[in-house]
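# A structural walkthrough
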Amino acid sequence: MASYHKPDEKTLQGLKDVANKLRIHSIKATCASNSGHPTSCCSAAELMSVLFFQTMRYKSQDPRNQCNDRFVLSKGHAAPILYAAWVEAGYVKEADLLNLRKMDCDLEGHPTPKLAFVDVATGSLGQGLGAACGMAYTGKHFDKSSYRVYCMMGDGECAEGSVWEAMAFASYYKLDNLVAIMDVNRLGQSEATPLQHDMETYRKRCEGFGWNTYVVDGHDVEELCKAFWQAQQVKGKPTCIVAKTLKGKGLKDIEDMDNWHGKPIPKDRVDELLKVLTSLIQVPNKTLTPEMPNEDTAPVDSSPIRLPAPPAYKLGDKMATRRAYGVALAKLGQSSKRVVALDGDTKNSTFSETFKKAHPDRYIECFIAEQNMVSVAIGCATRDRTVAFASTFSAFFSRAYDQIRMGAISQSNVNLVGSHCGVSIGEDGPSQMALEDLAMFRAIPTCTVFYPSDAVSTERAVELCANTKGICFIRTSRPDTKVIYPPEEKFEVGVAKVVRQSGSDKVTVVGAGVTLHEALAAADILAKEGVNIRVVDPFTIKPMDASTIVSSARATGGRIITVEDHYREGGLGEAVLSAVGEEPGIVVTRLAVSGVPRSGKPQELLDFYGISAEYIVKAVRKTFAN
């Protein structure tokens, strides 16, 4: 094993000087914005100095270079010290720090990827480590490169369960290219953290989760240099550096004091405190330069990813869209090695196992930890290293909603696939039925929401997801449904399909997934009575094809019926209402699930909740009665 060489005194002093420069920058920036978290920055100053100017390897003028070590500031409220580190690295202009948090400045209150040196947005605490796990897994198993991943967390956020989901994941997968740093500064936002400075309990917890753990003085640069060096030598385990620090370190009458969280330094005290910090800097003009990374990571091939062959289904074949998802993803994996799949121990229900069988080295089992699965997927997708698809029962994405919300702020291109939607899953009952998922995903600003209704459209939805910017969500169904599109049918985001029409249609019925097939069954029943209806498959719920919906409504006397296996709030019906909201003379009748459902056979439940063919027929007749 290599032996440790202690840095020379000049280097150690340079690191101490940089730490104090970082404190000064953080104080000046938060004073200029009259808001922010200078005390949270001050506790991390030596950690940041040693990380950025002694440990990490990166090109300071090319922060998003694929070969660089990665850094995630999970305690995102300490953003000013991250910006300060990039000032000292020569990438950010010092003058820009004085525009912190201003409308026309990308140095926001918490970091976002508007900045080239930020891979994931942080600030909703407890999520950085999961994303770092995704980056580290990608580096080790997909890129097979030497870049390392560092994630700094606050001690307060370690109360979040998602932190420990990530800790379990990293040790299970032996991510020895990952280093977590806990900045244990004792104080939370409103009071002390539960463990305060009980460093031994932190050590036991980290070791209990299978991490190589070092407890260090977080203000001792020499001790930090050694700990980060030791972490690089460890094989087969991730490393956690548990650093005992003081909030507001170096600030007289503020250091380690309660009630200073998120408050800039008072104007009448700034000068004296800056004077003290400046006096500690012995070599003010010395610049420390980071080591360059190894050039062992290939640039991304960002050419479009296409299915290698059209869907292999015939009209009338029966297949569940969840099963078609697995087939499509396995095919897409043949076209590009960037395609990877993640699941939360539901792979034999979501059919991501089809991908796993075809490409076992590109499948990540995340077990029953959906929050972490979404964070890992977001991490895998950073710098476009992978095209990640994460799947579980659609209902279980609700527990990862904050991670999904932060994924949008992170400008992530992650793809999420939820199966087992609606009452049509049947006997498993309401805890397994996703009835809120369309509302959830429609509310995410960067999200495209796909709701395919047969196997052919599902394959095309998967292909489109791989090439669509932003978050994509595919809602898949449990029951087998008929193939209604030929293999050569073209699909586009935001373009609906009129699947049944005549010159004498009385009503437009919009259904998706299972309810589209109920609408077609209703059309057959009504046709025998001499009544024709137009049936529309929206394909994407967001964006909704307003022009097709409106033109269909105009052709059917302004009458629309929507039918959805989802609650009334926020789903297909409300998406259609939004599309026609400014159009006079259009009336929308909505059929949807009302109230918490129960177990039963799928068809029984569709009938009981009034979204089956029988109830569509009744709704059409009622439209005329009115």
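Residues numbered from 1 in each chain as written. Predicted model: local features only at pLDDT ≥ 70, side-chain atom pairs only at ≥ 80, totals over all residues. Heavy atoms only, no water.

### Details of the packing of helix H1 (residues 9-33) against helix H9 (residues 267-279)
At their nearest, the axes of H1 and H9 sit 9 Å apart, and the two run at 165° to each other. Taken together, the axis directions place H1 and H9 in an arrangement best described as roughly antiparallel. Considering the relative orientation of H1 and H9, their crossing is left-handed. Mapping the contact onto sequence places Asn20, Arg23, Ile24, Ile27, Lys28 and Cys31 in H1 and Val270, Leu274, Leu277 and Thr278 in H9. Among the residues making up the contact of H1 with H9, the classes are represented as six nonpolar, two polar and two charged. (Axes fitted to C-alpha atoms, helices over the stretch in contact; angles between N-to-C directions. Helix = DSSP H or I, 4+ residues; strand = E, 2+ residues; numbered from the N terminus. Parallel < 35°, antiparallel > 145°, perpendicular 65-115°, else oblique. Left-handed = near helix turned anticlockwise from the far one by under 90°. Contact = heavy atoms within 4.5 Å. Nonpolar A, V, L, I, M, F, W, Y, C, P; charged D, E, K, R; others polar.)

### Here's the deal with the packing of aromatic side chains
For the structure on display, the rule yields 26 aromatic pairs. Measuring from centroid to centroid gives 6.3 Å for Tyr83 and Phe117, while their planes differ by 65°, and the two rings are edge-to-face. Here the residue Tyr83 occupies a position in helix H4 (residues 79-88), and Phe117 occupies one in the loop between H4 and helix H5 (128-142), the gap between them amounting to 34 residues. Comparing Tyr83 with Phe117, the two get one shared label, buried. On the numbers, 4.8 Å between centres and 55° between planes, the contact of Phe169 with Tyr173 is tilted. Each of the two residues, Phe169 as well as Tyr173, counts as buried. (Phe/Tyr/Trp six-rings, centres within 6.5 Å; stacked < 30°, edge-to-face > 60°. Buried < 20%, exposed > 50% of the residue type's maximum accessible area, 1.4 Å probe, protein only.)

### Overview of the sheet that holds strand E3 (residues 178-184)
Here five strands make up an open sheet; going across it, the order is E1-E2-E3-E5-E4 and the pairing parallel. Strands at the two margins of the open sheet, each flanked by one partner only, are strand E1 (70-73) and strand E4 (212-217). Strand-to-strand twist across the sheet, computed as the mean angle between neighbouring axes with direction ignored, equals 15°. Pairing of E4 with strand E5 (residues 239-244) involves six bridges; the strand directions are parallel. What sits directly across from Val216, in E5, is Ala243. Here helix H3 (residues 45-55) sits on the sheet in contact with E1, strand E2 (149-154), E3 and E5, set at roughly 175° to E2. (Pairing = 2+ DSSP bridges.)

### Thoughts on unusual backbone geometry
Excluding glycine, a negative phi dihedral is what most residues carry, and trans is how most peptide bonds are arranged. Residues Lys542 and Pro543 are joined by a peptide bond in cis, for which omega reads -5°. Considering the arrangement of structural elements, one finds Pro543 in the loop between strand E17 (540-542) and helix H18 (546-555). Of note in this structure, Asn34 is not a glycine but carries a positive phi near 55°. Mapped onto the fold, Asn34 is located in the loop between H1 and helix H2 (38-42). One non-glycine residue, Arg186, adopts positive backbone phi at about 80°. Within the secondary structure, Arg186 is located in the loop between E3 and helix H7 (199-208). Taking relative accessible area as the criterion, Arg186 reaches 17% and is therefore assigned buried.

### Some thoughts on the packing of H1 against H3
Relative orientation of the contacting elements H1 and H3 amounts to 125°, with a least axis distance of 8 Å. Judged by the inter-axis angle, H1 sits oblique to H3. Along this stretch, H1 crosses H3, giving a crossing that reads as right-handed. The residues of H3 that touch H1, namely those facing Thr11, Leu15, Val18, Ala19, Leu22 and Arg23, are Ala45, Glu46, Met48, Ser49, Val50, Phe53 and Gln54.

### Brief notes about the sheet that holds strand E14 (residues 497-500)
The strand order across the open sheet built from five strands is E14-E16-E15-E18-E19, with neighbouring strands paired in mixed fashion. Looking along the sheet, the strands with just one partner apiece sit at the ends: E14 and strand E19 (587-593). Averaged over all pairs of adjacent strands, the angle between their axes in this sheet comes to 25°, without regard to strand direction. Relative to E19, strand E18 (residues 559-567) runs parallel, the two sharing six bridges. Its bridge partner being in E19, Val563 is matched across the sheet by Leu591. Packing against the sheet, helix H17 (residues 514-528) makes contact with E14, strand E15 (505-511), strand E16 (532-537) and E18, and its axis sits at approximately 165° to E16.

The values reported here are purely geometric and, on their own, carry no functional implication.
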